[in-house]
Amino acid sequence: MISDIDNLRKIPDSKPVRIFVPLIDKAERYRASCVLQQSTPPKFNLLFKPGVLPAELINTKETCLINIDMGGPNVSLEAKIRNIVSDQSLEMTLVKTINHEQMREFFRVDAKAKVISSSFHPEFYDTPKDPWSIEGKTLDISGSGVLALFNTAPPRDKQVRLSIMLPNKDLEVINVLAHHVRIQQIGDDQYEVAYHFDDISSEDRDKIIGCCLVIQRKLLRLKVQVKN
């Protein structure tokens, strides 16, 4: 916990952050921008613009996730809501910090979604290669990469474009640049490919994280139902 508090202290006061707030009777999390105001660790405050925070809909029994851009690898906080002061302010208590190395495991969930891997050839290539595109499905997804299944082996290009249809209610499509970490044939006409994201916008990463949190919440509910 001491290292977590140290990480909290390193965040500049009045730092703009993004929060994923659990809502009552909803799997989706509400995403909003706010400002982190330092207090006495592990306590801190979050300040919102008027009309942004749906205070009456917040589920205070579950933790929030706060994503912070520190100018390098993102840092995330898991925190409890101590008090809803108003529709512009939350009093929070840190549960733990999640660093860049932990992010893939923390946000990775089993999820089936349409994915298209296609060629990426910068204009400065002397000899343009023939474009290619293959469609597959994700096996799991995280804020830093995906594990996907294809019926044909993708070319072993150093970098590819990925178009991923997120398994959320809006079926949003995000586009990223990525490289393969491994390509493995697991059966006849079945190739498992692990991709790591090289270039992804903060907004698209937030969308993936929000989608993962929804899936995690559904899986947790399923476990509770099975146990009962």
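Each remark here, short or long, concerns the structure printed above.
Residues numbered from 1 in each chain as written. Predicted model: local features only at pLDDT ≥ 70, side-chain atom pairs only at ≥ 80, totals over all residues. Heavy atoms only, no water.

> In this structure, what is going on with the environment of threonine 63? I would like to understand it.
Here threonine 63 lies in the loop between strand E3 (43–47) and strand E4 (64–68). For the pair threonine 63 and leucine 77, spaced 14 residues apart in sequence, the C-alpha to C-alpha distance is 9.8 Å. Beyond its immediate stretch of four places on either side in the chain, threonine 63 contacts Pro22, Arg29, Glu78, Ala79, Lys80 and Val95. Separated by 2.9 Å, the side chains of threonine 63 and glutamate 78 make a polar contact. (Helix = DSSP H or I, 4+ residues; strand = E, 2+ residues; numbered from the N terminus. Contact = heavy atoms within 4.5 Å. Polar contact = N/O pair within 3.5 Å; in protein donor to acceptor, adjacent residues only side chain to side chain.)

> Whenever I open this one, the pattern of salt bridges confuses me. Can you help?
Opposite charge on two side chains permits pairing when their charged atoms draw close. In this structure the tally under the stated criterion is 10 salt bridges. A salt bridge links arginine 31 to glutamate 203, with the shortest nitrogen-to-oxygen separation between them at 2.7 Å. Residue arginine 31 is found in strand E2 (residues 29–38), and its partner glutamate 203 is found in helix H3 (residues 202–227); the two are separated by 172 residues along the sequence. What makes arginine 31 partly exposed here is its relative accessible area of 33%. (Salt bridge = Lys/Arg side-chain N within 4 Å of Asp/Glu carboxyl O. Buried < 20%, exposed > 50% of the residue type's maximum accessible area, 1.4 Å probe, protein only.)

> Any chance you could explain the nonpolar core here in plain terms?
Counting residues in each nonpolar core, the largest one holds 25 residues, and the members touching the most others are Ile141, Leu162, Ile164, Tyr195, Phe197 and Ile208. Where this core is concerned, the elements lending two or more residues are strand E9 (133–141), strand E10 (145–150), strand E11 (160–165), strand E12 (173–187), strand E13 (190–199) and H3. By size, the runner-up hydrophobic cluster in this structure holds 22 residues, among which are Ala32, Cys34, Ile58 and Leu94. (Core = buried A, V, L, I, M, F, W, Y, C linked by side-chain atoms within 4.5 Å.)

> Would you mind going over the pairing of strand E1 (residues 15–22) with me for this structure?
In terms of burial, E1 is a largely internal element, six of the eight residues being buried. Pairing of E1 with E2, which is carried by eight bridges, proceeds in the antiparallel orientation. Note that in E2 the partner of phenylalanine 20 across the bridge is arginine 31. Here E1 runs beside E4; their pairing, made up of three bridges, is antiparallel. If you follow phenylalanine 20 over to E4, its bridge partner there is leucine 65. (Pairing = 2+ DSSP bridges.)

> Any chance you could explain the side chain of arginine 18 here in plain terms?
Here arginine 18 shows up in strand E1. Judged by relative accessible area, which is 19%, arginine 18 ranks as buried. A polar contact is formed between the side chain of arginine 18 and the side chain of aspartate 206, at a distance of 2.3 Å. Apart from the residues lying within four places of it in its own chain, the contact partners of arginine 18 are Ala32, Ser33, Leu65, Ile66, Asn67, Asn74, Ser202 and Asp206.

> What is the right way to read the side chain of asparagine 67 from this model?
Examined against the element boundaries, asparagine 67 turns out to sit in strand E4. Side chain to side chain, asparagine 67 and serine 76 meet in a polar contact 3.0 Å long.

> Any chance you could explain the sheet that holds strand E5 (residues 75–86) here in plain terms?
Whenever strands of a sheet pair, they do so through backbone hydrogen bonds, lying parallel or antiparallel. The strand order around the closed barrel built from six strands is E1-E2-E3-E6-E5-E4, with neighbouring strands paired in antiparallel fashion. The average angle at which neighbouring strand axes cross in this sheet is 45 degrees, direction not considered. As paired strands, E3 and strand E6 (residues 89–98) are joined by five bridges and run antiparallel to one another. The residue bridging phenylalanine 44 from the neighbouring strand is methionine 92, located in E6. (Axes fitted to C-alpha atoms, helices over the stretch in contact; angles between N-to-C directions.)

> Explain the packing of aromatic side chains to me, please; I cannot follow it from the model alone.
We describe a pair of aromatic rings using the distance from one ring centre to the other and the angle between the two ring planes. Summed over all chains, the structure comprises one aromatic pair. Ring centres 6.5 Å apart and planes at 85 degrees place the aromatic pair phenylalanine 150 and tyrosine 195 in the edge-to-face group. In this pair, phenylalanine 150 sits in strand E10 while tyrosine 195 sits in strand E13, placing the two residues 45 residues apart along the sequence. Note on tyrosine 195: relative accessible area 4%, which makes it buried. (Phe/Tyr/Trp six-rings, centres within 6.5 Å; stacked < 30°, edge-to-face > 60°.)

> Which parts of the structure should I look at to understand unusual backbone geometry?
As a rule of thumb, non-glycine residues mostly have phi less than zero, and peptide bonds are mostly trans rather than cis. Cis geometry marks the peptide bond from proline 41 to proline 42, where omega comes out at 10 degrees. Inspection of the secondary structure puts proline 42 in the loop between E2 and E3. The residue leucine 171 is not glycine, and still its phi comes out positive at about 50 degrees. With respect to the secondary-structure elements, leucine 171 resides in the loop between E11 and E12.

> Please explain the environment of isoleucine 200 as it appears in this structure.
Following the sequence through the fold, isoleucine 200 ends up in the loop between E13 and H3. On the basis of relative accessible area, isoleucine 200 is assigned to the buried category, the value being 14%. For the pair formed by isoleucine 200 and alanine 178, sequence separation is 22 residues and the distance between their alpha carbons is 8.7 Å. The residues touching isoleucine 200, leaving out its near neighbours within four places in the chain, are Val176, Arg205 and Ile208.

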